[in-house]
Amino acid sequence: MKDADWLELADKRLLAKALGESCFEGSLEAKALQDDCFQIELPENVRYRFRARRSVWDWLIVEPDSIDRNGEPAHSPQRFLLDAQSVLGIDDILLGNLLAELNNTLYSDARTLARRRGYAMSELVALDGITLQSLLDGHPKLLASKGRLGWGTSDLARYSPESGASFELRWLAVRERNCASAISERENWRALWQACLTTEDLAYIHSCLMEQGWNLDETRLLPVHPWQWRQYIVLQYAEPLARGELLDLGELAGDYRAQLSLRTLSGPGDYDIKLALTLLNTSCFRGIPGRYIVIGPALGDWLSELTRRDDTLAPLIVQRELAGIHCPAPWQRELPETPYRYAEMLGAIWRESLEAWLMDSQLSRPLAAFMLDAHEEGSLIAAHIRRSGLDVETWLRRLFEVTAVPLYHLMCAYGVGVIAHGQNLSVVLDDHVPTNGAIKDFHGDLRLWEAPLAQRAGLPQAVAESLTHLPAHYLIHDLITGYLVTTLRFISPLVERDLNYPERDFYGLLRQTLRAYQRRHPPLEESFARFDLFEPELLRVCINRARYRVGYDDSAERPLPELGPPLPNPLALSIPLSEGAGS
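Thresholds applied
Residues numbered from 1 in each chain as written. Predicted model: local features only at pLDDT ≥ 70, side-chain atom pairs only at ≥ 80, totals over all residues. Heavy atoms only, no water. Pairing = 2+ DSSP bridges. Helix = DSSP H or I, 4+ residues; strand = E, 2+ residues; numbered from the N terminus. Axes fitted to C-alpha atoms, helices over the stretch in contact; angles between N-to-C directions. Contact = heavy atoms within 4.5 Å. Salt bridge = Lys/Arg side-chain N within 4 Å of Asp/Glu carboxyl O. Buried < 20%, exposed > 50% of the residue type's maximum accessible area, 1.4 Å probe, protein only. UniProt positions renumbered as here; feature names shortened; annotations may be inferred. Disulfide = S-S within 2.5 Å. Domains from an automatic or database assignment. Buried area = accessible area lost by both parts, 1.4 Å probe. Polar contact = N/O pair within 3.5 Å; in protein donor to acceptor, adjacent residues only side chain to side chain. Nonpolar A, V, L, I, M, F, W, Y, C, P; charged D, E, K, R; others polar.

Thoughts on the sheet that holds strand 21 (residues 433-439)
Taking strand neighbours across the sheet as the criterion, the four strands line up as 15-21-20-18 in an open arrangement whose pairing is mixed. Of all strands in the sheet, those with a lone pairing partner are strand 15 (316-318) and strand 18 (362-366), marking the two edges. Taking each pair of neighbouring strands and ignoring which way they run, the sheet shows an average axis angle of 30°. Summarising the sheet, strand 20 (residues 425-430) and strand 21 pair through six bridges and their orientation is antiparallel. Each residue of the ladder has a partner; that of Asp-430, found in strand 21, is Val-433. The sheet contacts of helix 14 (residues 392-402) involve strand 15, strand 20 and strand 21, and relative to strand 21 the element is tilted by about 25°.

Next comes the structure, spelled out in structure tokens:
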């Protein structure tokens, strides 16, 4: 296939996604013409017709090759947004910016599709987790899922996950007193840097510090993404660099590759590094907030300790945030309401690598990987299930027991809510069978119940005070929105299509697994009533509608989603005859 063919394929896929998600969020209405044919009517007598299957989530799964616009084959998501502009309530300024993001997304999607086509399913299913991430699609709900405003083609070729390229990092030295930093009680800074840097580079750094009269024990070594260095740090931190408060050590040895989230990098040693990228991608700038830096290691240590002393949490791996550094920008720090992107420009977090946990027979998979659909060869999740030797129901039950059950238990027993979506929730497969779940990225994606369960279980008070506290009926939606709506919603249709296991049975099995867990923990009955996963209707979180509302203006806080019409809960619809079974 030629470049134009890959781009047209990306266009069709994104148009199908735009139609399906616009109807799911309640922005547009699709009228059923017959069993699998639908029509959307727009101003100026524009009509879109397509074939689709309605999921149990009240969501239309649109066939990309079936779409026509006023009787002519359609494949342009840009044309669709222009046609729907007035109905969606998007002004010209916002839509112009959104179209630019869409064009960036389509360029990267086409590159991903072309690169992925080079792998047979037998190869995809055996890839290590980091390489596989370079072949995955972007955010499943957001239309501009790879907008990356600020990057050109050379940046994409060097730094994007789909490029598969590796690169070196810039390193700075900063006095401990000039930054916020924290490290786990189980770690030390020298060991951390020894894992990231060569012996030669460490000797070079030591000589640079001696020239400045700096003591390594009072210094923090801070990695910086090379793009961030060129675009922001050289300019915005010019004064501390000139005064010698920040010491530029140059680019040092070490091959790093971007994971699916762009700013998290895999490299030498047993650690991943998460770096600030002041790049607009999936609705917000991808910096490092300073407010969580000092609590991250203590929070990770506490969560990890819970998994060691609570058998229900034992299948859950906590990828601890081992250390973090944040340097506020000169002058910006004096403005409490400065645009958040200027408050998050320079920072780094070291996190345990999931790959370091694995044995030879094991593979890591972000749950987003189970959304991968190779069409003629089927889905990745179906390939793993077939290779496991287990029947579909047994495999799925294992998946739920190592993901849904620990996450729900964490909430009900300890009042901790984790927004567990396809990027920050992973699964460990041993000979293709799920054996562990893994959670990471607690900066802003972890909240507490307003009742002090976590503090009673030993969470340090200083950590608890830095986190957001929510009523139970709001906290439960962290699990619903992340795990169910943003992740399983896109996985269950593939299991139905490729393995003939109906969606209703999929969610019936999940319900059965959670009910069995509840029966094993009668002391938590009150929490189960407060954190009710089985209500008939759920909140419908609409991130594209929020994009249309917030636009591209600066703000002091990251944007929040909007709510659409109530969403039918498949856990309430799916009540298997065998619900009473299980231990």
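A closer look at the pattern of salt bridges
Scanning the entire structure with this criterion turns up 34 salt bridges. Its salt-bridge partner being Glu-21, residue Arg-489 comes within 3.0 Å of it at the nearest N-O pair. With a gap of 468 residues between them, Arg-489 in helix 18 (residues 472-499) and Glu-21 in helix 1 (residues 3-24) connect regions that are remote in the sequence. Since its relative accessible area comes to 2%, Glu-21 is described here as buried. Notably, a salt bridge pairs Arg-497 with Asp-498, separated by 2.7 Å at the nearest N-O pair.

Section: the UniProt feature "domain: Aerobactin siderophore biosynthesis IucA/IucC N-terminal" (unreviewed entry) in the protein
Mapped onto this numbering, the UniProt entry gives "domain: Aerobactin siderophore biosynthesis IucA/IucC N-terminal" (unreviewed entry) at residues 133-370. End C-alpha atoms of residues 133-370 are separated by 11 Å, and the span's content is 27% helix alongside 29% strand.

Focus on the sheet that holds strand 12 (residues 271-275)
Pairing within the open sheet is antiparallel, and its eight strands lie in the order 8-16-17-12-11-10-7-9. Both edges of this open sheet fall to strand 8 (180-183) and strand 9 (219-224), since each of them pairs with a single strand only. Geometrically, the sheet is characterised by an average inter-axis angle of 30° between neighbouring strands, direction not taken into account. Sheet analysis places strand 10 (residues 246-258) next to strand 11 (residues 264-266), joined by two bridges and oriented antiparallel. Its bridge partner being in strand 11, Arg-257 is matched across the sheet by Ser-266. In the packing of helix 8 (residues 199-212) onto the sheet, contacts are made with strand 7 (166-175), strand 9 and strand 10, and the angle to strand 10 comes to roughly 165°. Of the strands in this sheet, strand 8 and strand 16 (321-326) touch helix 11 (residues 296-309), which is tilted by about 170° from strand 16.

What about the environment of Arg-456?
Here Arg-456 shows up in helix 16 (residues 453-456). Among the residues examined, Arg-456 registers a relative accessible area of 63% and is labelled exposed. A C-alpha to C-alpha distance of 8.3 Å links Arg-456 and Tyr-414, two positions 42 residues apart in sequence.

With respect to the environment of Leu-316
Within the secondary structure, Leu-316 sits in strand 15. Considering only alpha carbons, one finds Leu-316 and Ser-304, 12 residues apart in sequence, at a separation of 8.8 Å. With residues near it in sequence (within four places) discarded, Leu-316 still touches Thr-307, Val-402, Pro-406, Gly-437, Ala-438 and Ile-439.

Quick word on the state of the cysteines
Throughout this description, disulfide means a covalent bond between two cysteine sulfur atoms. Counted under the stated rule, the structure contains zero disulfides. Unpaired in terms of disulfides, Cys-284 finds its nearest cysteine sulfur in Cys-542, a separation of 18 Å.

Structural notes on the pairing of strand 10
Here eight bridges tie strand 7 to strand 10, and the two strands are oriented antiparallel to one another. Residue pairing in the sheet places Trp-171 in a bridge with Gly-250 of strand 10.

Quick notes on the pairing of strand 16
The two faces of a sheet get side chains in turn, since along a regular strand they alternate between them. In terms of burial, strand 16 is a largely internal element, six of the six residues being buried. Of the pairings in the sheet, the one linking strand 16 to strand 17 (residues 347-352) comprises five bridges and is antiparallel in character. Note that in strand 17 the partner of Ala-323 across the bridge is Trp-350.

Some words on the domain arrangement of the protein
Parsing the protein into structural domains produces domain 1 (3-119), domain 2 (153-303 + 321-352) and domain 3 (358-534). Between domain 1 and domain 3, the residue contacts involve 12 residues of the former and 14 residues of the latter. Between domain 1 and domain 3 the total buried area reaches about 1100 Å² when both faces are included, carbon and sulfur atoms providing 58% of it. When the buried surface of domain 1 facing domain 3 is broken down by residue, Arg-53, Val-56 and Trp-57 rank first, second and third, together holding 49% of it. In this structure, the connection of domain 1 to domain 3 is made through two salt bridges. A salt bridge links Glu-496 to Arg-53; its shortest N-O distance comes to 3.0 Å. Taken together, the links from domain 1 to domain 3 amount to six residue pairs in polar contact (both at pLDDT 80 or more). It is helix 1 that contributes the most residues to the side of domain 1 that touches domain 3, three residues altogether. Within the side of domain 1 that touches domain 3, the residues separate by chemical class into six nonpolar, one polar and five charged.

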